[in-house]
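Next come the chains, spelled out residue by residue.
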Amino acid sequence: MPRTAATESFKFNHTMIRIKDPKLSLPFYMDTLGMDLVSEQNMGDFTLYFLAYNYDGIASLPAEQKAKARFNREGILELTHNHGTESDPNFQGYANGNSEPGRGFGHIAITVNNIEEACARFESLGVPFKKRLTDGKMRHIAFILDPDGYWVEVVPQALSL
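Residues numbered from 1 in each chain as written. Predicted model: local features only at pLDDT ≥ 70, side-chain atom pairs only at ≥ 80, totals over all residues. Heavy atoms only, no water.

(A) Molecular detail of the side chain of Ser 39. Looking at where Ser 39 falls in the secondary structure, it is placed in strand S2 (residues 36-42). Looking at Ser 39, its side chain comes within polar contact range of the side chain of Arg 70, at 3.0 Å. With residues near it in sequence (within four places) discarded, Ser 39 still touches Leu 48, Tyr 49, Phe 50, Ala 67 and Arg 70. (Helix = DSSP H or I, 4+ residues; strand = E, 2+ residues; numbered from the N terminus. Polar contact = N/O pair within 3.5 Å; in protein donor to acceptor, adjacent residues only side chain to side chain. Contact = heavy atoms within 4.5 Å.)

Rendered as structure tokens:
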């Protein structure tokens, strides 16, 4: 169905996942995956972290402009930290969506210029893999795991199917 005047301005802006500990998750997404923190909002009993790749210069904007600009672009990842989960010995973690109970959400995905180099870098950083390039039938993609067990698909930017 073609876009109509009623939907022509719609964009897929962001998706949200819950995290146990921002001291583990933020370095993973920022240092390991290279995303920038666009904005952070402490809401009292939880904090929202909005991350994105800086392809449009959003990371160099002043904080207030960054916060506004995040609603006008695509590809934002929102991490929600419910305060206290990081130190609660009874906290069981969040369902990653790929096993019961809670099957549903599957993964997020990033594209990379050279998947072999990216996977070698992840390996050298000690990032756990769910699926390496050498596993299974689909040898052109990999899956790594974030600190909460969410799957991150790694796909080459030029993919031949």
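(B) View of the packing of aromatic side chains. This structure, assessed with the given rule, holds four aromatic pairs. Considering the side-chain rings of Phe 105 and Tyr 150, the 6.2 Å spacing of their centres and the 90° angle between planes classify their relative orientation as edge-to-face. Linking Phe 105 in the loop between strand S4 (76-82) and strand S5 (107-112) with Tyr 150 in the loop between strand S7 (142-145) and strand S8 (151-156), this pair joins segments that are 45 residues apart in sequence. When its relative accessible area of 5% is taken as the criterion, Tyr 150 is described as buried. Across the ring face of Phe 50, the terminal group of Arg 70 is positioned such that the distance to the ring centre comes to 3.6 Å. (Phe/Tyr/Trp six-rings, centres within 6.5 Å; stacked < 30°, edge-to-face > 60°. Buried < 20%, exposed > 50% of the residue type's maximum accessible area, 1.4 Å probe, protein only. Lys NZ or Arg CZ within 6 Å of the ring centre and 35° of its normal.)

(C) Fine view of helix H1 (residues 22-32). Along H1, the residues classified as buried are Pro 22, Ser 25, Leu 26, Phe 28, Tyr 29 and Thr 32. By the N-cap criterion, in which a side-chain oxygen at the helix start approaches the backbone nitrogen of a residue two or three places on, H1 is capped by Asp 21, the distance to Lys 23 being 2.9 Å. Of the residues one or two after H1, Gly 34 is the one with positive phi, at around 80°.

(D) Fine view of the nonpolar core. Tyr 29, Leu 33, Leu 79, Phe 122, Ile 144, Val 152 and Val 154 are the most contacted members of the largest nonpolar core, which has 26 residues in total. For this core, the elements supplying multiple residues, two or more each, are strand S1 (14-19), H1, strand S3 (46-52), S4, S5, helix H3 (115-124), S7 and S8. Discounting chain neighbours no more than four positions away, the residues touching Leu 79 are Ile 17, Ile 19, Ser 25, Leu 26, Tyr 29, Thr 47, Leu 48, Tyr 49 and Leu 51. Listed in part, the six residues of the second largest apolar core include Val 38, Phe 50, Ala 52 and Ile 76. (Core = buried A, V, L, I, M, F, W, Y, C linked by side-chain atoms within 4.5 Å.)

(E) Region of interest: the environment of Leu 33. Tracing the backbone shows Leu 33 in the loop between H1 and S2. Along the backbone, Leu 33 and Ile 144 are 111 residues apart, and their C-alpha atoms lie at a distance of 11 Å. Not counting residues within four places of it along the chain, the set of residues in contact with Leu 33 comprises Phe 28, Tyr 53, Ile 110, Phe 122, Ile 144 and Val 152.

(F) Main features of the sheet that holds S2. Taken in spatial order, the four strands make up an open sheet running S1-S4-S3-S2, and their pairing is mixed. At either margin of the open sheet sits one strand with a lone partner, and together these are S1 and S2. For this sheet, the mean inter-axis angle between neighbouring strands, taken without regard to orientation, is 20°. In terms of strand pairing, S3 meets S4 through six bridges, oriented antiparallel. Across the sheet, the residue bridging to Phe 46 is Asn 82, located in S4. (Pairing = 2+ DSSP bridges. Axes fitted to C-alpha atoms, helices over the stretch in contact; angles between N-to-C directions.)

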